[in-house]
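What follows is the residue order along each chain.
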Amino acid sequence: MRRLPNFYLLRAFEAAARLESFSQAARELSVTPSAVSHQIKELEAYFECALFERLNRRVELTTEGRQLRDRLAPVLDDLEEACHSIGKATRVQALAIHCAPSFAVKWLGPRLPEFLAAHPGITIRLSTGAERFDLLERTDVDAFIAYGDAPRQAGIAVEALGTERIVPLCSPALVSSPPNPLADLKRLTLIESQLSPVKWSDWFALNRIRFRPRPGLSFDRAALALSAAVDGMGVALESATLAEVELEDGRLIDLGGEAYRPFERTIHHLCYREVDRNRAGLKAFTGWLHRALNTRRAGSS
């Protein structure tokens with residue numbers, strides 16, 4: 001007979017150690033913070049040593065606590081993978097992805113058939129929205145692709161989805177002949193995305209061009225800004241990644257070309273729960289996502 005403490009005590013300890021919080025561990029385990037505290041005390045009594053230092057509004061692992069965490073985490077990872085692997089060869093896995101709207105419409109959605117063809121045993125449930133939410137509470141969502149600065153939260157893994165080139169994009173019908181990008185920028189309507197972390201003033205400053213604010217167009221979605229540019233309404237400052245299809249088929253061109261520097265910035269991040277890191281379906285999706293983005297950027301550089 002194995003001499004082990006109760007599994008529920010170990011599970012409570014692992015969650016509290018990983019999240020560095022009894023209250024967050026309680027939310028993840030769907031119990032009260034008091035229950036987690038009592039389970040930790042019971043485990044400390046079993047080991048006859050303190051596993052946490054209780055500080056003001058936070059907890060820290062003791063030396064013994066860190067030793068237990070480091071030995072316990074891989075064991076639970078292996079146990080979780082073993083449970084997920086049972087019957088996974090014949091079981092359809094559902095993966096719920098919540099995504100920033102423009103990335104979903106302009107990039108992810110059109111390429112999902114590639115992923116599904118490579119992973120026929122996985123069903124993707126895609127939803128969109130610009131709001132941020134707590135993945136430790138929204139257990140109906142497996143991962144979300146966030147727009148803007150990376151969210152930071154204990155227990156949540158955040159992976160940057162590469163550097164994107166932010167460039168002036170317009171319909172080729174609007175370009176002067178012979179080409180004169182600076183003159184075109186001065187006469188064309190400037191289109192911005194309201195949520196974009198990069199503004200026209202940033203791009204002009206990067207290229208040392210004097211910028212005088214003037215009336216323009218502003219949209220609350222990058223996809224709308226790109227559609228306006230395709231329709232000839234002006235020049236949009238947007239991600240070349242989101243405009244990949246329009247650049248390839250010639251409906252949009254990079255007005256800056258080689259004459260001006262692109263503004264490069266990481267603006268999309270993939271977020272998921274740390275505890276789900278080794279889930280087969282999630283690993284397949286994250287690996288494919290990074291490969292697809294890196295392959296296309298390498299091909300366009």
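Please refer to the structure higher up on the page.
Residues numbered from 1 in each chain as written. Predicted model: local features only at pLDDT ≥ 70, side-chain atom pairs only at ≥ 80, totals over all residues. Heavy atoms only, no water.

Colleague: Got a minute to help me understand the pairing of strand S1 (residues 52–55) in this structure?
Modeller: Regular strands place side chains that alternate from one sheet face to the opposite one. Pairing geometry for S1 and strand S2 (residues 58–61), over four bridges, is antiparallel. Considered in S2, the bridge of Leu55 is made with Arg58. The turn linking S1 back onto S2 is made up of two residues, and Arg57 within it adopts a positive phi angle of 65 degrees. (Pairing = 2+ DSSP bridges. Helix = DSSP H or I, 4+ residues; strand = E, 2+ residues; numbered from the N terminus.)

Colleague: Explanation requested: the sheet that holds strand S3 (residues 93–99) in the structure shown.
Modeller: Across a sheet, paired strands are connected by hydrogen bonds in the backbone, their directions being either parallel or antiparallel. In space, the five strands of this open sheet follow the order S4-S3-S5-S13-S6, with mixed pairing throughout. Only two strands of the sheet have a single partner each, and these edge strands are strand S4 (122–128) and strand S6 (156–160). Each strand of the sheet is rotated relative to its neighbour by a mean of 25 degrees, with strand direction disregarded. One ladder, built from five bridges, connects strand S5 (residues 143–147) with strand S13 (residues 268–273); its direction is antiparallel. Bridged to Ile145 within S13 is Leu270. (Axes fitted to C-alpha atoms, helices over the stretch in contact; angles between N-to-C directions.)

Colleague: Even after reading the chapter, I still don't get the nonpolar core, so can you show me in this structure?
Modeller: Nonpolar side chains in soluble globular proteins generally cluster together in the buried interior. Within the largest apolar cluster, 38 residues are counted, with the highest numbers of intra-cluster contacts made by Phe103, Leu108, Phe285 and Leu289. A total of seven residues in this core trace back to one element, the largest contributor, which is helix H10 (residues 280–300). Once residues within four sequence positions are removed from consideration, Leu108 is found in contact with Cys99, Phe103, Leu126, Ile145, Phe285, Trp288 and Leu289. Counting residues in hydrophobic clusters, the runner-up holds 30 residues, among them Leu43, Leu51, Leu135 and Ala146. (Core = buried A, V, L, I, M, F, W, Y, C linked by side-chain atoms within 4.5 Å. Buried < 20%, exposed > 50% of the residue type's maximum accessible area, 1.4 Å probe, protein only. Contact = heavy atoms within 4.5 Å.)

Colleague: Looking at this structure, I do not really get the pairing of strand S8 (residues 190–193). What am I missing?
Modeller: When S8 meets strand S10 (residues 235–239), the two strands line up parallel, connected through two bridges. Residue pairing in the sheet places Leu190 in a bridge with Val235 of S10. As for the winding sense of the linkage, the β-α-β connection from S8 through helix H7 (residues 200–206) to strand S9 (residues 217–219) is right-handed. (Right-handed = clockwise from strand over helix to strand, strands pointing away.)

Colleague: Explanation requested: the packing of aromatic side chains in the structure shown.
Modeller: Think of a pair of aromatic rings as described by two things: how far the centres are apart, and how the planes are tilted against each other in angle. Counted under the stated rule, the structure contains 14 aromatic pairs. Centroid distance Phe204 to Phe211: 5.0 Å. Interplanar angle 20 degrees. Geometry classified as stacked. (Phe/Tyr/Trp six-rings, centres within 6.5 Å; stacked < 30°, edge-to-face > 60°.)

Colleague: How should the side chain of Lys106 be read in this particular structure?
Modeller: On the secondary structure map, Lys106 appears in helix H5 (residues 101–118). Within the structure, the side chain of Lys106 is placed 2.3 Å from the side chain of Glu246, a separation counted as a polar contact. Apart from the residues lying within four places of it in its own chain, the contact partners of Lys106 are Arg111, Ala223, Leu226, Leu242 and Glu246. (Polar contact = N/O pair within 3.5 Å; in protein donor to acceptor, adjacent residues only side chain to side chain.)

Colleague: Sorry if this is basic, but what is going on with helix H1 (residues 7–19) here?
Modeller: Over its 13 residues, H1 runs 18 Å from end to end, which matches the ideal 18 Å to within 8%, given 1.5 Å per residue. With respect to burial, H1 is a largely interior element, 10 of its 13 residues being buried. Within the span of H1, buried status applies to Leu9, Leu10, Ala12, Phe13, Glu14, Ala15, Ala16, Ala17, Arg18 and Leu19. Measuring from the backbone nitrogen of Tyr8 back to the side-chain oxygen at the start of H1 gives 2.7 Å, which picks out Asn6 as the cap. Note on H1: the residue one or two positions beyond its end, Glu20, has a positive phi of about 55 degrees. (Expected span 1.5 Å × (residues − 1).)

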